[in-house]
Structure formats: structure tokens, C-alpha cells
Amino acid sequence: MAKMNLKFRDFLTLLSPAQYIAVQDEDNPLKQGESDTIFKGKAAKARREEELADREVKMIAPTGDPDLPGTYVFKIWLYK
């Protein structure tokens, strides 16, 4: 199966600015007690994260967030 070749900045144009997202680093192997979440918040604020803009989206999964009941959160995995 081929890669998606979707840049994170391009993916953000498909989302509402108010959409909650959680971005994880696919290339960073976890060390014990370390989180792989590199951004968590609204899509509008993710646009300000310049170091993430050119990374490619590997996978997208809709999830829920216990801190935001009744809200869908897109969980996004990026790789370089």
C-alpha cells in the first residue's frame, strides 16, 4: 500500500478551525513514561506549529476525549 502523501498543513485546510485534534509523532519511539503527543488542541492553533506543517499524515482516527465529553477528537499520526 502506498503512502498517503498528505502534508499536515493541507490536512488542516479540510478541518474546521474549531475541531479538536491530538497529533502524535510516529517517528519518535516512546521511552518509558514519555508521551508521543506533540500537539493537542484546536486545529486553528495547530496552524501556528511551523515544525509540523511539512510533516506527512500517516493515519487519522476519530476518538473521544474524557476531558471534552461529547466532543470528537481526530487523532493524527505524523511522520517526517
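Caption draft 1: Here's a closer look at the overall build of the protein chain. Broken down by element type, the protein chain carries three helices and four strands. Sequence-ordered secondary structure for the protein chain, helices as α and strands as β, is α-β-β-α-α-β-β. Taken across its 80 residues, the protein chain has 35% of its residues classed as buried. Taking as baseline every contact in the protein chain between residues at least 6 positions apart, the subset at least 24 positions apart corresponds to 55%. With an accessible surface of roughly 5,400 Å², the protein chain has 53% of that area assigned to carbon and sulfur atoms.

Caption draft 2: Expanded view of the side chain of Asp 25. Here Asp 25 lies in strand β1 (residues 20-25). With relative accessibility at 12%, the residue Asp 25 sits in the buried group. Of the polar contacts made by the side chain of Asp 25, one reaches the side chain of Arg 55; its length is 2.6 Å.

Caption draft 3: Here's a closer look at the environment of Met 59. Structurally, Met 59 can be placed in strand β3 (residues 56-65). C-alpha of Met 59 to C-alpha of Tyr 79: the two residues are 20 residues apart in sequence and 9.7 Å apart in space. For Met 59, the residues in contact, after removing those within four places along its chain, are Lys 75, Ile 76 and Trp 77.

Caption draft 4: Seen up close, the nonpolar core. Formed by 14 residues in total, the largest nonpolar core has its most connected members in Phe 8, Phe 11, Leu 12, Ile 21, Val 57, Ile 76 and Leu 78. Elements with a contribution of two residues or more to this core: α1 (8-13), β1, α2 (43-46) and β4 (68-79). A total of three residues in this core trace back to one element, the largest contributor, which is α1. With residues up to four places along the chain from it excluded, the contact list for Leu 78 reads Phe 8, Val 23, Gln 24, Asp 25, Glu 26, Asp 27, Leu 52, Arg 55, Glu 56, Val 57 and Lys 58.

Caption draft 5: Expanded view of the pattern of salt bridges. Under the defined criterion, the tally for this structure stands at five salt bridges. Glu 56 is paired through a salt bridge with Lys 7; the nearest N and O atoms lie 3.9 Å apart. Linking Glu 56 in strand β3 with Lys 7 in the segment before α1, this pair joins segments that are 49 residues apart in sequence. Overall, the relative accessible area of 13% leaves Glu 56 in the buried class.

Caption draft 6: Spatial organisation of the pairing of β4. Pairing between β1 and β4: six bridges, direction parallel. Counted as the bridge partner of Tyr 20 is Val 73 from β4. With nine bridges connecting them, β3 and β4 associate as antiparallel partners. In the sheet register, Val 57 faces β4, and the bridge partner there is Leu 78.

Caption draft 7: Structural context of the environment of Leu 68. Relative to the helices and strands, Leu 68 is located in strand β4. In the structure, Leu 68 is positioned 48 residues away from Tyr 20 in sequence and 9.4 Å away in space, judged by C-alpha atoms.

The rules behind each value
Residues numbered from 1 in each chain as written. Predicted model: local features only at pLDDT ≥ 70, side-chain atom pairs only at ≥ 80, totals over all residues. Heavy atoms only, no water. Helix = DSSP H or I, 4+ residues; strand = E, 2+ residues; numbered from the N terminus. Buried < 20%, exposed > 50% of the residue type's maximum accessible area, 1.4 Å probe, protein only. Contact = heavy atoms within 4.5 Å. Areas by Shrake-Rupley, 256 points an atom, 1.4 Å probe, with all protein chains shown as cover. Polar contact = N/O pair within 3.5 Å; in protein donor to acceptor, adjacent residues only side chain to side chain. Core = buried A, V, L, I, M, F, W, Y, C linked by side-chain atoms within 4.5 Å. Salt bridge = Lys/Arg side-chain N within 4 Å of Asp/Glu carboxyl O. Pairing = 2+ DSSP bridges.

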